[in-house]
Amino acid sequence: VRAVDIIIKKRDKKELAKEEIEFFVEGFTRGDIPDYQASALAMAVLLNGMTPIETTDLALAMAHSGDIIDLSKYVHVAVDKHSTGGVGDKTTLVVGPAVAACGLPVGKMSGRGLGYSGGTLDKLESIPGFRADLTTEEFIQQLINLGLVVCGQTADLAPADGKLYALRDVTGTVPAIPLIASSIMSKKIASGAQAIVLDVKVGLGAFMKSLGEGKKLAELMVSIASLADRRAIALLSDMNQPLGNAVGNALELKEAIDTLKGGGPQDFREHCFQVASQMLVIGGEAANEEEAHDRVFKSLENGSALDKFEKMVQAQGGDASVVEQVEKLPKASLEKTILSSREGFIETVNAQTVGEVVVELGGGRYKKGDEINYGVGIIVRIKVGDKIAIGQPLVSIHANSEAGIRMAEEKILGAISWSDDPVQPLPYFYGKINQGIGETGMNQ
Ligand code: URA
């Protein structure tokens, strides 16, 4: 086999065999197949697609390009959750501790911000001293000792995906459903979770802009999990408007802490209840969603989830006193609340624009390795469907310069659209995809 023949085959819209995919991934990982050939194949896949079988073969080949952790040797079952990325998505910070407090070990490898979509590690690193770069050994030890660990992906997991993702990022080949599904699932399979809840975001602020695309991605990932002998369920959740109110690293961490204390914005709380409940059910810790919901509720009410969070922060070298003294978290030097100059109903709050503004304020990166400003961000005080009066607060901008405040004010006001007539609130979820059962609706 020659790499070029595999590229030609995909260029000509033919189906690749498992052996061909494995040959390509192995050669690319070793460095025998150069970047330009991997980029050409990625583009051929973006243009011509892959079947579910090819996508699964690609996910498994990338998972096997490095170490595969077998967590079943250490804990009875390890659950994981993965969000396809969004704006204001601080779900892991709440559901990880809540699920762990209910007795189910959560071992999660998270990512950093990608474009305008935020990353869990950046949010955690707004805590002074917090270490996200654990070794595989440390990851396993903390999972055994505490039942909760959230860290970065270790270098020896799915290295083929790391290399390919870097190429995709600069060759316009990120938004290909087979490449996204295999990229995400290769890492989930390699990091050892036996049960995975996939939170597939759909809407203006998500990779998947339409429900149809979101469903396709969700179905593919769930079927890859089945073929890799892992339990999985996918939720399709709204990402047209930001999740919760806070967007920006330290602001989101603070909102997550509020939620762990039993407060938090209604939509974010509901989202966390749903994701955490699915984790408890799929991990075999609760018999059904009602029982799971009750247990998650109790973990937030009785402080056990908050306690898990504090212990995780401590175990990873962070200053856990921020939980009680959130004012210790990084803060921007300026804050301005924008009041409404009109009345009406909120029709859109474009999540992507809000995310982009936070990156521009310094809360995200334009290129790998850029320094992040943890304190900046936006508190969005409105939701689609809200009836707003003149003078009511719309958003609060946290920035480090007057120019930043002006930029954010102009762009955020442009991200909000209005209607004189009542507007339906957005649903939190659009459905879920079960293994072997397919799609079902969801109670809200
Ligand atoms: N997240 C990933 O890990 N990979 C992708 O391709 C897209 C989002």
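To be clear, the structure that these remarks concern was listed above.
Residues numbered from 1 in each chain as written. Predicted model: local features only at pLDDT ≥ 70, side-chain atom pairs only at ≥ 80, totals over all residues. Heavy atoms only, no water.

### Let's talk about unusual backbone geometry
Where we set the bar: Helix numbering and strand numbering both begin at the N terminus, where a helix is a DSSP run of H or I of at least 4 residues and a strand a DSSP run of E of at least 2. For every residue, the accessible area (1.4 Å probe, protein chains only) is compared with the maximum for its type, and the residue is labelled buried under 20%, exposed over 50%, or partly exposed between those bounds.
For Lys13, which is not glycine, the phi dihedral falls at a positive 65 degrees. Here Lys13 shows up in the loop between α1 (3-11) and α2 (18-30). The exposed category is assigned to Lys13, whose relative accessible area is 64%. The backbone phi angle of Asp229 is positive, close to 65 degrees, even though this residue is not glycine. Structurally, Asp229 is set in the loop between α10 (211-227) and β5 (231-238).

### Some points on helix α16 (residues 402-415)
Put simply, the rule reads: By this rule the span expected of a helix is its residue count minus one, scaled by 1.5 Å. The criterion used for residue contact is that any of the two residues' heavy atoms lie within 4.5 Å.
For α16, built from 14 residues, the straight-helix expectation of 20 Å at 1.5 Å per residue is met to within 8% by its first-to-last C-alpha distance of 20 Å. Residues of α16 that are buried sit in contact with β7 (334-339), β8 (344-349), α15 (351-363), β9 (377-380), β11 (393-399) and β12 (416-419).

### With respect to the sheet that holds β8
To summarise the sheet geometry, strands pair through backbone hydrogen bonds and adopt either a parallel or an antiparallel arrangement. Quick reminder of the rule: What makes two strands pair is DSSP finding at least two bridges between them.
Here three strands make up an open sheet; going across it, the order is β10-β8-β12 and the pairing antiparallel. The open sheet is flanked by β10 (387-388) and β12, the only strands paired with a single partner. Relative to β12, β8 is paired through four bridges, and the arrangement is antiparallel. Considered in β12, the bridge of Ile346 is made with Trp418.

### A closer look at the environment of Asp12
Summarising the element assignment, Asp12 is placed in the loop between α1 and α2. C-alpha separation for the pair Asp12 and Thr154, spaced 142 residues apart in sequence, amounts to 36 Å.

### Re the packing of helix α5 (residues 91-101) against helix α11 (residues 249-260)
In plain terms, the rule: Lines fitted to C-alpha atoms define the axes here, with helix axes fitted over just the stretch in contact, and angles between the N-to-C directions of these axes take values from 0 to 180 degrees. Any angle from 65 to 115 degrees is called roughly perpendicular, while one under 35 is roughly parallel, one over 145 is roughly antiparallel, and all others are oblique. Left-handed describes a crossing whose near helix is turned anticlockwise from the far helix through less than a right angle; right-handed describes the clockwise counterpart. We call Asp, Glu, Lys and Arg charged. Ala, Val, Leu, Ile, Met, Phe, Trp, Tyr, Cys and Pro are nonpolar, and the rest, Gly among them, are polar.
Relative orientation of the contacting elements α5 and α11 amounts to 30 degrees, with a least axis distance of 8 Å. As the angle between them shows, α5 and α11 are arranged roughly parallel. Where α5 crosses over α11, the two elements pack in a sense that is right-handed. Facing Leu93, Val94 and Pro97 of α5, the residues of α11 in contact are Leu253, Ala256, Thr259 and Leu260. Grouping the constituent residues of the contact of α5 with α11 by class yields six nonpolar, one polar and no charged.

Everything listed here is a matter of geometry and, on its own, says nothing about what the molecule does.
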